[in-house]
Amino acid sequence: MSVIDIPFEYRHLCWFCGEPGSTSFNFKAGKNSPHPSLKLPCCTECHALAVKAPATSVWECLSGVKDALIKRYAKHLAIGDNWTREELEASGFSCRILSGFRESGWMMYEIARDRVNFSPWPLSLDGIALDEHRATLFAFNGLSFGSVGKARDYYQALYGLDREFFTSLINLLGQPRFGYALKLARLYRTSGARDKQRVLRELAEDAR
Ligand SMILES: [Zn+2]
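Residues numbered from 1 in each chain as written. Predicted model: local features only at pLDDT ≥ 70, side-chain atom pairs only at ≥ 80, totals over all residues. Heavy atoms only, no water.

(A) The arrangement of helix α7 (residues 163–173) in detail. Turning to α7, its buried residues number three or more, namely F165, F166, T167, L169, I170 and L173. On the buried face of α7, the contacting elements are α6 (148–159), α8 (178–187) and α9 (193–207). For α7, the capping residue at the N-terminal end is D162, with a side-chain oxygen 3.1 Å from the backbone nitrogen of E164. Just beyond α7, the residue with positive phi is G174, at close to 85°. (Buried < 20%, exposed > 50% of the residue type's maximum accessible area, 1.4 Å probe, protein only. Helix = DSSP H or I, 4+ residues; strand = E, 2+ residues; numbered from the N terminus. Contact = heavy atoms within 4.5 Å. Polar contact = N/O pair within 3.5 Å; in protein donor to acceptor, adjacent residues only side chain to side chain.)

Right, here's the structure in full:
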């Protein structure tokens with residue numbers, strides 16, 4: 001299996017998350033794969049996630065690994081949603097457990113965020129670029145998701161949102177207004193079905 005080209009500044013780094021890594025992941029190309037079998041440098045954690053991600057290309061595999069990282073580190077990532085660095089530093093947590101959170105919480109958030117957001121270097125094999133089939137990502141609030149659907153799943157779980165209502169809001173408002181859809185979904189989280197229907201109807205009328 002051929003090892004992908006590794007730029008000098010990225011040597012010894014995981015292709016998936018950018019952390020130091022010393023192992024490699026063998027992607028075995030199938031009938032529908034847009035590229036040949038490849039060997040990618042990676043860390044042990046991403047390796048374990050990559051072998052579990054069903055994929056026809058390494059970019060699909062990459063989405064699967066990122067989604068799994070988002071899921072695994074949801075608690076760390078939520079720190080950045082709920083706090084700013086300054087707020088956390090100024091917080092008056094004084095008991096032992098919470099003061100540890102104050103001191104390391106932001107760092108845990110930054111590590112998880114940077115791993116999720118790490119953009120792998122362009123794929124090439126012996127100088128020939130392989131990147132034309134790379135999927136586009138959806139970015140929101142400083143995080144990159146494999147797709148808008150994955151962003152929806154993440155925030156739905158984080159805030160306990162009504163999945164159907166949130167999905168309808170995203171569909172009505174479109175990806176560029178994802179933040180507004182999220183605000184409305186949070187605002188109407190505990191509202192009844194009738195109120196939600198009214199909001200959707202009004203948005204649909206506005207969109208006309
Ligand atoms: Zn990794």
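(B) Seen up close, the nonpolar core. Counting 54 residues, the largest nonpolar core has W15, F16, L123, Y155, F166, L169 and F178 as its most contacted members. Here this core takes seven residues from helix α2 (residues 58–72), the largest share from any one element. Contact partners of Y155, with chain neighbours within four places excluded, come to D81, F140, N141, F145, G160, L161, F166, F178 and L182. Within the second largest apolar cluster, five residues are counted, among which are L88, F93, W106 and Y109. (Core = buried A, V, L, I, M, F, W, Y, C linked by side-chain atoms within 4.5 Å.)

(C) How the structure looks around unusual backbone geometry. If you check the backbone angles, D126 has positive phi at about 50° while not being a glycine. In this structure, D126 sits in the loop between β4 (124–125) and β5 (128–129). Of note, N141 is a non-glycine position whose phi angle comes to about 50°, a positive value. Considering the arrangement of structural elements, one finds N141 in the loop between β6 (138–140) and β7 (143–145).

(D) Main features of the environment of I170. If you trace the backbone, I170 turns up in helix α7. Residue classification places I170 among the buried positions, given a relative accessible area of 8%. Sequence separation of I170 and E45 is 125 residues, and the distance between their C-alpha atoms is 33 Å. Setting aside residues up to four positions removed in sequence, I170 forms contacts with V148, R152, F178 and A181.

(E) Broad picture of the coordination of the zinc ion. Of the protein atoms, only C14 (SG), C17 (SG), C43 (SG) and C46 (SG) coordinate the zinc ion, at distances of 2.3 Å. Note that the zinc ion binds four donor atoms; their angles at the metal cover 104 to 114°, and the shape is tetrahedral. Binding-site remark: the zinc ion is held by donors from one chain whose sequence spacing is C-x2-C-x25-C-x2-C. Highlighted residues: C14 in the loop between β1 (2–3) and β2 (23–27) and C43 in the loop between β3 (38–42) and α1 (44–50), separated in sequence by 29 residues. A relative accessible area of 0% means that C14 is categorised as buried. (Donors = N, O, S within 2.8 Å, 3.2 Å for Na, K, Ca; no water. Tetrahedral: all angles 85-135°; square planar, octahedral: opposite > 155°, others 65-115°.)

(F) Quick peek at the sheet that holds β3. Spatial ordering of the open sheet is given by β1-β3-β2, a layout of three strands whose pairing is mixed. Each end of this open sheet is capped by a strand with a single partner; those strands are β1 and β2. Sheet analysis places β2 next to β3, joined by five bridges and oriented antiparallel. From the neighbouring strand, S24 faces β3, where its bridge partner is P41. (Pairing = 2+ DSSP bridges.)

(G) The arrangement of the pattern of salt bridges in detail. Here the structure, examined in full by the defined rule, presents 10 salt bridges. We note a salt bridge from K150 to D67, for which the minimum N-O separation is 3.6 Å. In this pair, K150 sits in helix α6 while D67 sits in helix α2, placing the two residues 83 residues apart along the sequence. In this structure, the salt-bridge partner of R198 is E202, at a minimum N-O distance of 3.6 Å. Here the residue R198 and the residue E202 both occupy positions in helix α9, the gap between them amounting to four residues, near one helical turn. Classification of E202 as partly exposed rests on a relative accessible area of 41%. Residues joined by salt bridges that share partners form a network here, namely E45, R72 and R115. (Salt bridge = Lys/Arg side-chain N within 4 Å of Asp/Glu carboxyl O.)

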